[in-house]
Every structure is written in structure tokens, then in C-alpha cells.
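# Survey of secondary and tertiary structure
Spelled out from the first residue to the last, the chains are:
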Amino acid sequence: MARFVVQWEYSADKDTRYAARPEHRAHLGALAERGTVLAAGPLADDTGGIVVFDTADADELNGHLAADPYTKAGVIVKTTVTEWNPALGAWLS
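Each chain has its residues counted from 1, running along the sequence as written. A pLDDT threshold of at least 70 governs which residues receive local features in this predicted model, and a stricter bar of 80 or more applies before side-chain atom pairs are shown or counted, although totals over entire chains, interfaces and linings include all residues. Neither water nor hydrogens contribute to the side-chain values; these are computed over all heavy atoms in the structure.

### Focus: the sheet that holds strand 2 (residues 37-42)
Two strands make a pair as long as DSSP finds a minimum of two bridges between them. In this description a helix means any DSSP run of H or I spanning at least four residues, a strand means any run of E spanning at least two, and both kinds are numbered starting from the N terminus. In spatial order, the strands read 2-3-1-4; together these 4 strands make up an open sheet with antiparallel pairing. In this open sheet, the two edge strands, each paired with only one partner strand, are strand 2 and strand 4 (76-84). Put simply, the sheet's adjacent strands are angled 15° from each other on average, direction ignored. As defined by bridge partners, strand 2 adjoins strand 3 (residues 48-55) across 5 bridges and the pair is classed as antiparallel. Among the inter-strand pairings, V37 is bridged to a residue of strand 3, identified as F53. Axis lines are fitted through C-alpha atoms, for helices just across the contact stretch, and the angle between N-to-C directions can take any value from 0 to 180 degrees.

### Some thoughts on the nonpolar core
The definition of a nonpolar core used throughout is a set of buried Ala, Val, Leu, Ile, Met, Phe, Trp, Tyr and Cys residues joined through side-chain atoms within 4.5 Å. Throughout, exposure labels follow a simple rule: accessible area from a 1.4 Å probe, protein chains only, divided by the maximum for the residue type, with under 20% read as buried, over 50% as exposed, and the rest as partly exposed. Judged by nonpolar contacts, the single largest core of 16 residues is most densely connected at W8 and F53. Elements supplying a minimum of two residues to this core: strand 1 (2-10), helix 1 (14-33), strand 3 and helix 2 (58-67). Whether two residues touch is decided by their heavy atoms; if any such pair falls within 4.5 Å, the residues are in contact. With residues up to four places along the chain from it excluded, the contact list for F53 reads A2, R3, F4, V6, L28, L31, T36, V37, L61, H64 and L65.

### Topic: the pairing of strand 1
Note: strand 1 against strand 3, 8 bridges, orientation antiparallel. Of the residues in strand 3, the one forming a bridge with F4 is F53. Relative to strand 4, strand 1 runs antiparallel, the two sharing 8 bridges. Residue pairing across strands places F4 opposite E83, the latter belonging to strand 4.

### A word on the layout of surface pockets
Considered as a void within the structure, the largest pocket measures approximately 210 Å³ in volume. A pocket here means an open set of points on a 1 Å grid, computed over the protein atoms alone, that has protein on both sides within 12 Å along at least five of seven lines. A cavity is instead a set of points where a 1.4 Å probe fits but cannot get out; residues with an atom within 4 Å of a point line either one. H24, R25, L28, G41 and P42 are, among the 17 residues lining the largest pocket, the residues nearest its centre. For the lining of the largest pocket, the secondary structure elements donating two or more residues are strand 1, helix 1, strand 2 and strand 3. Ranked by the residues each element gives to the lining of the largest pocket, the list is headed by helix 1, at 7 residues. For the lining of the largest pocket, a count of residues per class yields 10 nonpolar, 4 polar and 3 charged. Grid points are joined across faces, edges and corners, and a volume is the space filled by probe spheres set on the points. Under the scheme applied, nonpolar residues are Ala, Val, Leu, Ile, Met, Phe, Trp, Tyr, Cys and Pro; charged residues are Asp, Glu, Lys and Arg; polar residues are all the others, including Gly.

### A few points about helix 1
Helix span, expected: 1.5 Å multiplied by one less than the number of residues in the helix. Here helix 1 is 20 residues long and its end C-alpha atoms lie 27 Å apart, about the 28 Å a rise of 1.5 Å per residue gives. Taking the largest bend as the criterion, helix 1 deviates by roughly 45°, centred on R21, and proline P22 comes between one and four positions later. Each element contacted by the buried residues of helix 1 is listed here: strand 1, strand 2, strand 3, helix 2 and helix 3 (69-73). Just downstream of helix 1, G35 is the residue with a positive phi angle, here 85°. Two axes are fitted around each residue, one to the seven residues ending there and one to the seven starting there, and the angle between them is reported as the bend at that residue.

Now the structure itself:
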């Protein structure tokens, strides 16, 4: 499995983002229940968000990102993906 930290930058269109938020959270929530999303949430200033994924590879990650309601609504203007190798913490099992 590979761990990825995804940072999103949101567009200024809050109305569209807020309308898509329930579906976005349900999508990530379902992935969290399966163990694919380890943590997720908005930045404190509400300009973006961070999600930590545990996937087989980058192709699987890209499928999850493409399926996200925020992606489909066009409210993400920048995505930064970093593969991460955690060395300490509760996620190491």
C-alpha cells in the first residue's frame, strides 16, 4: 500500500462548494470506512483541504480524486499530491 497526502486549493466559488459539500463528505466518509482515507478536513482558513489516503498505488488514488464531488463540481483549482512514508504514529500497522 502507498500513502499519499493530497492538498486541495478551493476556488472562490463558495456557493458551489457548499452545495457539493454533503456529497463530498459522504464520498470521503465511505472511503474512510473502508480504510482508504486515514484523515481528511478543511484548512482552518477554509481555502483548501488535506486528505491522507492509503491506496494500492497512484492510479487508484487518481480514481478516487476524479470521483470526488468537489472535483466534479469544479471547485478545486489546485491539487498537490505527495507520496508519504510515515515513520511514527498510530497509522503504522
